[in-house]
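Fold and geometry: a report
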Amino acid sequence: MTPSPLKKEALFGKTLEELQQIAKELDMPKFTASQLADWLYKKFAGSIEQMSNISKTHREKLSEKYEVGLSAPVKVQTSVDGTKKYLYRSHLGKFIEAAYIPESKRSTLCVSSQVGCKMGCLFCMTGKQGFQGQLSAGEIVNQICSLPERDELTNIVYMGMGEPFDNLEGVMKSLEILTADWGLAMSPKRITVSTIGIIPAMKTFLENSNCHLAVSLHSPFEEERRKLMPIENVYSLPEVLKTIREFPMGKQRRISFEYIVFKNLNHSNKHVKELARILNGIRCRINLLYFHPIPDTPLEAPSDNVIHQFKEALEAKGLTTTIRKSRGQDIYAACGMLSTKELQKSQK
Amino acid sequence: MRELHTATIIHNKPIAPGAWLLSFKRTFDFIAGQVIGIALDQHTEPRLYSIASGEKHHEIWILYTVKQDGLLTPPLSQLKSGDKIRITQPFGNFICKEKEAVWIATGTGIAPFASMFFSGQHQGKTLIQGSQSMERMYFHKHFQKEMGTSYHPCCSRETTAGCFHGRVTDYLEQQPGIKTGIPYYLCGIAEMVVDVRDILIARGVPFSNINSEIFF
């Protein structure tokens, strides 16, 4: 395994409160914490030495124990459609992916929250790596701040490798850094966290963040969803929807349901009717996704025509539905494909 | 958070290196295959564990391994008989209703199948159990005695009479015929579940016949 690129503790990924604690421990003035936050999250300083408004003595003190901890991507693949898949090395020396998706009016980065995944969804390549570790808040935010297109970014989606709500601590801390005034000061309306429906963590997220929520749905029928997503055995879809219904969402927050359309599986009239029934009363949007085939999967992608017919049928039932364009198919854009290849290479 | 109830520990003892069996009085009904949440106090989010005891047992058994960096299991393993823990009501749908099925588990993933076994549901079932060592082949003497040739222990790091030497994935790949028309139930870490599922699908088992429970 590649050794950790970090030799000291990373400052990047610390909240203002944690930076204040560091300042206190190192006997530095309290305002140093705000200066540090400014250098880390607004100026993206690559080293402590660059932090010129902090005294040399304090910089030296900081450098004894800490380093910034920003880490540039180690590899990039560019699709003919402009999508770029970046490979980052985690602090444990493993590989994670972030996909940059430019569009005419916005640019989205799809970030990872874990190395590998424990959830074992049938359609997901990341699950084939098994679970290899949690990403720290710093490693999550690093995917954004070390991105060459950082200044073009308008939206962040937590839909890369891993289940965000299985790493609640790292994800919540990263959201704080992204949205706080002392951090990147992004609007929560520009950030979406996607989950398969781990209810306790989802509740914590809904109570403590204003970011948007996306739920992986993929079938309205419990028995069918169970075969695609083992989580259904523990946190069933009716319970997930009940939790969402019970939570006051306000007008700003958006709930979306992600729905990968699989050939001959989950796009019948029966599915349309059931989706209309279970989502009745929830102000939401359904995002239909193209399936990016992965090795050894029994699942197939349907034709464009099928997806468009399904969309029309859902809209006829009053469900706001969009089709997410398939992006980056030529660069293994299905999440987990690139890092799995790197993992296999590193294990040879 | 699900409502938490107090339970008093009857036993909490190591049964293999790093693995413990916790028991407390059963005060609720459950269906074999279900999980309960366990917490040390009222304020922490409970962790989920499959029940390992039978539906009619007077005690609930929980099989767990101690994760040194974990928040729950190191202090949990220190608790003694008479100490209190907090538990949720049982829930979950990893339930085997069919007469004929194959159960596949590794490590503490055996717990839901142990519960089904101790509930008398093992007739017509095949159990494939994987572990690195025989001492971590939990409950294997019970399975061996009652299930006979329908029980297939697979030990990857030890050679033992009556036990396949290798992983459950090796065992499955070496089977000349795999029944494709019956349900398969898998429980273990994600990597095992995904690998076994891929093998079964490659051998012609429709994914609609594969039921998985994962650890998280």
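Rules used throughout
Residues numbered from 1 in each chain as written. Chains lettered and ligands numbered in written order. Predicted model: local features only at pLDDT ≥ 70, side-chain atom pairs only at ≥ 80, totals over all residues. Heavy atoms only, no water. Helix = DSSP H or I, 4+ residues; strand = E, 2+ residues; numbered from the N terminus. Contact = heavy atoms within 4.5 Å. Domains from an automatic or database assignment. Buried area = accessible area lost by both parts, 1.4 Å probe. Salt bridge = Lys/Arg side-chain N within 4 Å of Asp/Glu carboxyl O. Polar contact = N/O pair within 3.5 Å; in protein donor to acceptor, adjacent residues only side chain to side chain. Expected span 1.5 Å × (residues − 1). Buried < 20%, exposed > 50% of the residue type's maximum accessible area, 1.4 Å probe, protein only. Pairing = 2+ DSSP bridges. Axes fitted to C-alpha atoms, helices over the stretch in contact; angles between N-to-C directions. Parallel < 35°, antiparallel > 145°, perpendicular 65-115°, else oblique. Left-handed = near helix turned anticlockwise from the far one by under 90°. Nonpolar A, V, L, I, M, F, W, Y, C, P; charged D, E, K, R; others polar.

1. Focus: the side chain of T108(B)
Structurally, the position occupied by T108(B) is in the loop between β7 (101-106) and α2 (111-118). Here T108(B) is in contact with L63(B), Y64(B), T65(B), Y138(B) and F215(B), once residues within four sequence places are set aside.

2. As for the domain arrangement of chain B
Residues and elements named next belong to chain B. Domains assigned within chain B are domain 1 (5-87) and domain 2 (101-214). At the interface, 20 residues of domain 1 touch 15 residues of domain 2. For the pair domain 1 and domain 2, the summed buried area comes to about 1,300 Å², and 64% of that belongs to carbon and sulfur atoms. Taken together, domain 1 and domain 2 are joined by zero salt bridges. Between domain 1 and domain 2 we count five residue pairs in polar contact (both at pLDDT 80 or more) in total.

3. A few points about helix α5 (residues 168-179) of chain A
Residues and elements named next belong to chain A. Here α5 spans 16 Å end to end across twelve residues, near enough to the 16 Å set by a 1.5 Å rise per residue. Within the sequence span of α5, burial applies to G170, V171, M172, S174, L175, I177 and L178. If you follow the buried residues of α5, they end up packed against α2 (31-41), α4 (137-145), β9 (155-158), β10 (191-195) and α6 (199-208).

4. Comments concerning the pattern of salt bridges
When the charged atoms of two side chains with opposite charge come close together, those side chains can pair. Applying the stated criterion across every chain yields a total of 20 salt bridges over all chains. Ionic pairing is found between K263(A) and E300(A), a salt bridge with its closest N-O pair at 3.8 Å. Taken together, the residues span a long stretch of sequence, with K263(A) in the loop between β12 (255-260) and α9 (269-278) and E300(A) in the loop between β13 (284-289) and α10 (304-316) at a distance of 37 residues. With a shortest N-O distance of 2.5 Å, E100(B) and K179(B) are connected by a salt bridge. Of this pair, E100(B) sits in the loop between β6 (84-87) and β7 while K179(B) sits in the loop between α4 (168-174) and β11 (184-188), placing them 79 residues apart in sequence. Take K179(B): its relative accessible area is 49%, and that puts it in the partly exposed class. Each member of the salt-bridge network shares a partner with another, and the members are E223(A), R226(A) and K227(A).

5. Details of the environment of Q114(A)
Residues and elements named next belong to chain A. Structurally, Q114 is set in strand β7 (residues 114-116). The class for Q114 is buried, based on a relative accessible area of 0%. For the pair Q114 and Q132, spaced 18 residues apart in sequence, the C-alpha to C-alpha distance is 7.8 Å. The residues touching Q114, leaving out its near neighbours within four places in the chain, are I96, F131, G133, Q134, L135, M161, G162, E163, D166 and N167. Separated by 2.9 Å, the side chains of Q114 and Q134 make a polar contact. Reaching out from Q114, the side chain makes a polar contact with the side chain of D166 at a distance of 2.9 Å.

6. Notes on the sheet that holds strand β9 (residues 151-155) of chain B
Residues and elements named next belong to chain B. Pairing is parallel across the open sheet formed by six strands, whose spatial order is β10-β9-β8-β7-β11-β12. Looking along the sheet, the strands with just one partner apiece sit at the ends: β10 (164-165) and β12 (210-214). Inspection of the sheet shows β11 paired to β12 by five bridges, in the parallel sense. Its bridge partner being in β12, G188 is matched across the sheet by I214. Its contacts with the sheet place α2 against β7, β8 (125-131) and β11, and it is angled at close to 135° to β7. Lying over the sheet, helix α5 (residues 190-202) contacts β7, β11 and β12, oriented at roughly 155° with respect to β11.

7. A word on the packing of α4(A) against α5(A)
All names here are of chain A. Relative orientation of the contacting elements α4 and α5 amounts to 45°, with a least axis distance of 8 Å. Comparing their axes, α5 and α4 come out oblique. As for how α4 packs across α5, the hand of that crossing is right-handed. Across the interface between the two elements, A137, I140, V141 and I144 of α4 pack against G170, V171, K173, S174, I177 and L178 of α5. Class assignment of the residues belonging to the contact of α4 with α5 gives a composition of seven nonpolar, two polar and one charged.

8. Comments concerning the interface of chain B and chain A
Each side of the interface is counted separately: chain B has 24 residues, and chain A has 30 residues. Both sides together, the interface formed by chain B and chain A hides about 2,200 Å², and carbon and sulfur atoms give 57% of it. It is N93(B), F207(B) and F216(B) in chain B that bury the most area against chain A; as a group they hold 29% of the surface buried on that side. Put simply, chain B and chain A have one salt bridge between them. Put simply, K128(A) and D198(B) hold a salt bridge, and the shortest N to O gap is 2.6 Å. The interface formed by chain B and chain A contains seven residue pairs in polar contact (both at pLDDT 80 or more). Elements with a minimum of two residues in the side of chain B that touches chain A: α5 and β12 of chain B. Of the residues forming the side of chain B that touches chain A, the biggest block, six residues, is contributed by α5(B). Counted by class, the side of chain B that touches chain A contains 13 nonpolar, five polar and six charged residues.

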